[in-house]
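# Reading the structure
Now for the letters of each chain:
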Amino acid sequence: MPILDKERLRANLDEVIWNIEQARITVSEHHIVKLVTVAKYTELENISTLYELGQRAFGENHVQQLKERMELLDALPLEWHMIGTLQKNKINNLIDLRPSLLQSLDSLELAQDLNKKLVAKETTLSCLLQINAAQEESKSGVAPDEAINIYQAIKESCPQINLKGVMTIGAHTEERSVIQQSFETTHRIYESLQKEGANICSMGMSSDYQLAIKCGSNLVRVGSALFK
Ligand SMILES: *Cc1c(COP(=O)(O)O)cnc(C)c1O
């Protein structure tokens, strides 16, 4: 991936922000959507340029890369999200990084392991429960029909985990109606978890963030559309 100049990144960011604006307004004037820039494919320089352009929240999908970038960009007041599958043997490393949000908590077992290590380190971590809405073999996440029970079980058995909502990756297909269904499924689960305090519904990537917002997403994770 090349280092992009500031004007190019400004144009890409403006386009994404404009598209988010168009989509969110169809939901409600009051529907606010957060943009998390997925930096995994891009050069470190592009992250600092996006920061100069006003972007604050960045996501990575590997603990090692998250660590390197957090350290190298330590001087900037950035907000970091872990969005990729968390391996058990990386739990301690992740906790030590103190990310803003782990978006990819994908089982009760992982939650309980994480909770134990959070207890030992006397700290807490904000997380989203990842839902495998289209029930795809290639994806991690809990099944939609178990999501509510698992969410409640994590809340009850993992006091060091601060559960804030749900995350999903849209169905892997060209068919918009199938992608839409996967977002609607996740949004329905999110709605029933709002009484449990859920307030983040993370859905939508470069190819489908406008659709996701129309289905109620309030956090989009956009990578490639910003670095073209
Ligand atoms: C890579 C990634 C994204 C961003 O993907 P783009 O299609 O490049 O926008 C979003 N969410 C997760 C979990 C990812 O791994």
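Overview of the structure. (Residues numbered from 1 in each chain as written. Predicted model: local features only at pLDDT ≥ 70, side-chain atom pairs only at ≥ 80, totals over all residues. Heavy atoms only, no water.)

### Comments concerning the packing of aromatic side chains
Stated precisely, the cut-off is as follows: Aromatic pairing here means that ring centres of Phe, Tyr or Trp (its six-membered ring) are within 6.5 Å. Orientation follows from the plane angle: under 30 degrees is stacked, over 60 is edge-to-face, and everything else is tilted. Secondary structure is summarised from DSSP: a helix means a run of H or I of at least four residues, a strand means a run of E of at least two, and numbering begins at the N terminus for each.
Applying the stated criterion across every chain, the model contains one aromatic pair. For the ring pair Phe58 and Trp80, a centre distance of 5.9 Å and an interplane angle of 40° mean the geometry is tilted. Here Phe58 is found in strand β2 (residues 57-60), whereas its partner Trp80 is found in strand β3 (residues 79-82), with 22 residues between them in sequence.

### A short note on the site of the ligand
Quick note on the threshold: Proximity criterion: a residue is near a molecule or strand once any of its heavy atoms comes within 4 Å of it. Pairs of N or O atoms are called polar contacts if they sit within 3.5 Å, as long as, within protein, a hydrogen donor faces a hydrogen acceptor (for residues adjacent in sequence, only side-chain-to-side-chain pairs). All accessible-area figures derive from a Shrake-Rupley calculation using a 1.4 Å probe, and residue coverage is judged against the displayed protein chains alone. A 1.4 Å probe that fits but cannot get out identifies a cavity on a 1 Å grid over protein atoms alone, an open set with protein on both sides within 12 Å along at least five of seven lines counts as a pocket, and a residue lines either if it has an atom within 4 Å of a point. Each molecule is assigned to a cavity or pocket provided more than half of its atoms lie within 2 Å of the corresponding grid points. Under this grouping Gly is polar, as are all residues other than the nonpolar Ala, Val, Leu, Ile, Met, Phe, Trp, Tyr, Cys and Pro and the charged Asp, Glu, Lys and Arg.
In the vicinity of the ligand, the contacting residues are Val38, Lys40, Tyr41, Ile83, Ile169, Met205, Ser206, Arg221, Val222, Gly223 and Ser224. In the model, a nitrogen atom of the ligand is placed 2.8 Å from a nitrogen or oxygen of the Arg221 side chain. In this structure, Ser224 approaches the ligand through a side-chain N or O atom, which is 2.8 Å from an oxygen atom. Protein burial of the ligand: of its 390 Å² of free accessible surface, 90% is covered by the chains. According to the grid-proximity analysis, the pocket containing the ligand is the largest pocket. Looking at the shell around the ligand residue by residue, the class counts come to six nonpolar, three polar and two charged.

### Some points on the nonpolar core
Rules: In plain words, nonpolar cores are sets of buried Ala, Val, Leu, Ile, Met, Phe, Trp, Tyr and Cys residues tied together by side-chain atoms within 4.5 Å. A 1.4 Å probe rolled over the protein chains alone gives each residue an accessible area, and that area as a share of the maximum for its type sets the label: buried under 20%, exposed over 50%, partly exposed in between. Contacts were defined at the residue level, with two residues in contact if any of their heavy atoms lie within 4.5 Å.
If you look at the biggest cluster of nonpolar residues, it comprises 63 residues, and the most contacted ones within it are Leu102, Leu105, Leu114, Ile154 and Ile161. Setting aside anything within four residues of it in sequence, one finds Leu102 in contact with Met82, Leu86, Leu94, Leu114, Leu125, Ser126, Cys127 and Leu128. Grouped together as the second largest cluster of nonpolar side chains are seven residues, Ala57, Leu101, Leu128 and Leu219 included.

### Considering the pattern of salt bridges
Where we set the bar: Whenever Lys or Arg places a side-chain nitrogen within 4 Å of a carboxyl oxygen from Asp or Glu, that contact is recorded as a salt bridge.
Within this structure, the stated rule accounts for 11 salt bridges. Two residues, Arg10 and Glu7, come together in a salt bridge whose shortest N-O distance is 3.0 Å. Taken together, the residues Arg10 and Glu7, both in helix α1 (residues 6-27) and three residues apart, mark about one turn of the helix. Here Glu79 and Lys34 are joined by a salt bridge, their closest N and O atoms 2.7 Å apart. Of the two residues, Glu79 sits in strand β3 while Lys34 sits in strand β1 (residues 34-38), which places them 45 residues apart along the sequence. Relative accessible area serves as the criterion here: at 31%, Lys34 is assigned to the partly exposed category. Sharing partners across several salt bridges, the network here consists of Lys88, Glu109 and Asp113.

### Section: the layout of surface pockets
Condition: Grid points are joined across faces, edges and corners, and a volume is the space filled by probe spheres set on the points.
Computed from the structure, the largest pocket encloses a volume of approximately 550 Å³. If you go around the largest pocket, you meet 27 residues; those closest to its centre are Lys40, Lys139, Ile169, Met205 and Arg221. Each residue belonging to the lining of the largest pocket can be placed in one class, and the counts come to eight nonpolar, 13 polar and six charged.

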